[in-house]
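Below are the chains, spelled out letter by letter.
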Amino acid sequence: KKEVPRHLKRKPSKKPIVYETHDPGSPAGRMLEMIEKRLECEKDNRCRTESLERIREARDHLLPGLPKLLKGQPPQIVKEGLRLAGLLKVQVAVSAIGPLIVEGELDIRQEAIWALGQIRDPGSVEFFDRAVMIGWSNKIAKQSCRALGQIGVPAAIKSIWAFYQKGSKKIRVECTRA
């Protein structure tokens, strides 16, 4: 376990936050390093694009490590990992992403929903079925309908219909589009 770099900490704390570490040579360790470098780019689009290209070039080695970084890491690492999973359509990450749509903070849940919509794996519909059962906010429902529409399989209709029935007008519009 290692201390989180300063730029990744949420709030200053007297006690250091400790997260999982990964062997630097392993896919997860190398991917973690790439994500940290990408986060250092912050709002520099050119830097972020170059970082994404480096990850794409090494995708066969890096992407198998991505699912391991979706838990036991700072929220910024998890969100960036989810963003990369969606951008690169990382199928192997679906089983690690799915539970995040019903657990954790709103921004992580939203990023996980977005990633599943981008990946478009029919198996991810089961996670949305669970989300319908446990409750959700309007933002989550609207975004879920959009993602389910992107996944585009008949199995998604059950969840889309449940969100539609319980949702506001805006949610119903998004569910109708799906």
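Details of the structure are given in the entry above.
Since the structure is predicted, the reported quantities are computational estimates derived from the model, not experimental observations.

Visitor: Summarise the packing of aromatic side chains; cite the residues concerned and give the values.
Guide: Enumeration according to the criterion identifies one aromatic pair in this entry. Judged by centre distance (5.3 Å) and plane angle (10 degrees), the rings of tryptophan 161 and tyrosine 164 are stacked. With tryptophan 161 and tyrosine 164 both in helix α9 (residues 157-166) and three residues apart, this pair spans about one turn of that helix. Since its relative accessible area comes to 47%, tryptophan 161 is described here as partly exposed. The cationic tip of arginine 172 hangs over the ring face of tyrosine 164; the distance from NZ or CZ to the ring centre is 4.9 Å.

Visitor: Which residues make up unusual backbone geometry, and what values go with them?
Guide: Positive phi, close to 45 degrees, is recorded for glutamate 42, a residue that is not glycine. Here glutamate 42 shows up in the loop between α1 (27-40) and α2 (45-57). Non-glycine residue arginine 120 carries a positive phi angle of around 65 degrees. A residue is classified by how much of its surface remains accessible, and arginine 120, at 43% relative accessible area, is partly exposed.

Visitor: Before we move on, can you summarise helix α6 (residues 106-119) with the specific residues and values?
Guide: Its 14 residues place the ends of α6 20 Å apart at the C-alpha level, agreeing with the 20 Å of an ideal helix rising 1.5 Å per residue. Among the 14 residues that make up α6, 11 are buried, leaving the element largely enclosed by the rest of the structure. Among all positions in α6, only Ile108, Arg109, Gln110, Glu111, Ala112, Ile113, Ala115, Leu116, Gly117, Gln118 and Ile119 are buried. On its buried face, α6 sits against α4 (75-87), α5 (94-97), α7 (125-134) and α8 (138-151). With its phi angle positive at about 65 degrees, arginine 120 sits one or two positions after the end of α6.

Visitor: Explain the environment of serine 137 to me, using residue names and the numbers behind them.
Guide: Following the sequence through the fold, serine 137 ends up in the loop between α7 and α8. Sequence separation between serine 137 and leucine 106 is 31 residues, and the spatial gap between their C-alpha atoms is 9.1 Å.

Visitor: With reference to specific residues and values, describe the state of the cysteines.
Guide: Under the criterion given, the structure shown has two disulfides. Put simply, cysteine 41 and cysteine 47 are joined by a disulfide, and their sulfur atoms are 1.9 Å apart. One quick way to see it: the torsion about the S-S bond of cysteine 41 and cysteine 47 is about -45 degrees, and its sign makes the bridge left-handed. Sulfur-sulfur distance for the disulfide between cysteine 145 and cysteine 175 comes to 2.0 Å. Linking cysteine 145 and cysteine 175, the disulfide has an S-S dihedral of approximately 50 degrees and is accordingly described as right-handed. Of this pair, cysteine 145 sits in helix α8 while cysteine 175 sits in helix α10 (residues 169-177), and the two are 30 residues apart along the sequence.

Visitor: How would you summarise the pattern of salt bridges if you had to cite specific residues and measurements?
Guide: Pairs can form between side chains of opposite charge whenever their charged atoms are close. By the definition in use, this model includes 10 salt bridges. Taking the shortest distance from any N to any O, the salt bridge between glutamate 80 and arginine 38 comes out at 2.4 Å. One end of the pair, glutamate 80, is in helix α4; the other, arginine 38, is in helix α1, and 42 residues separate them in sequence. The exposure class of glutamate 80 is buried, given its relative accessible area of 7%. Across the salt bridge formed by aspartate 107 and lysine 79, the nearest N and O atoms sit 2.7 Å from each other. Placement of the pair is aspartate 107 in helix α6 and lysine 79 in helix α4, with a sequence separation of 28 residues. A residue is classified by how much of its surface remains accessible, and lysine 79, at 26% relative accessible area, is partly exposed. Beyond isolated ion pairs, a larger network of salt bridges with shared partners links Arg38, Arg48 and Glu80.

Reading guide: rules and limits
- Residues numbered from 1 in each chain as written.
- Predicted model: local features only at pLDDT ≥ 70, side-chain atom pairs only at ≥ 80, totals over all residues.
- Heavy atoms only, no water.
- Phe/Tyr/Trp six-rings, centres within 6.5 Å; stacked < 30°, edge-to-face > 60°.
- Helix = DSSP H or I, 4+ residues; strand = E, 2+ residues; numbered from the N terminus.
- Buried < 20%, exposed > 50% of the residue type's maximum accessible area, 1.4 Å probe, protein only.
- Lys NZ or Arg CZ within 6 Å of the ring centre and 35° of its normal.
- Expected span 1.5 Å × (residues − 1).
- Contact = heavy atoms within 4.5 Å.
- Disulfide = S-S within 2.5 Å.
- Salt bridge = Lys/Arg side-chain N within 4 Å of Asp/Glu carboxyl O.

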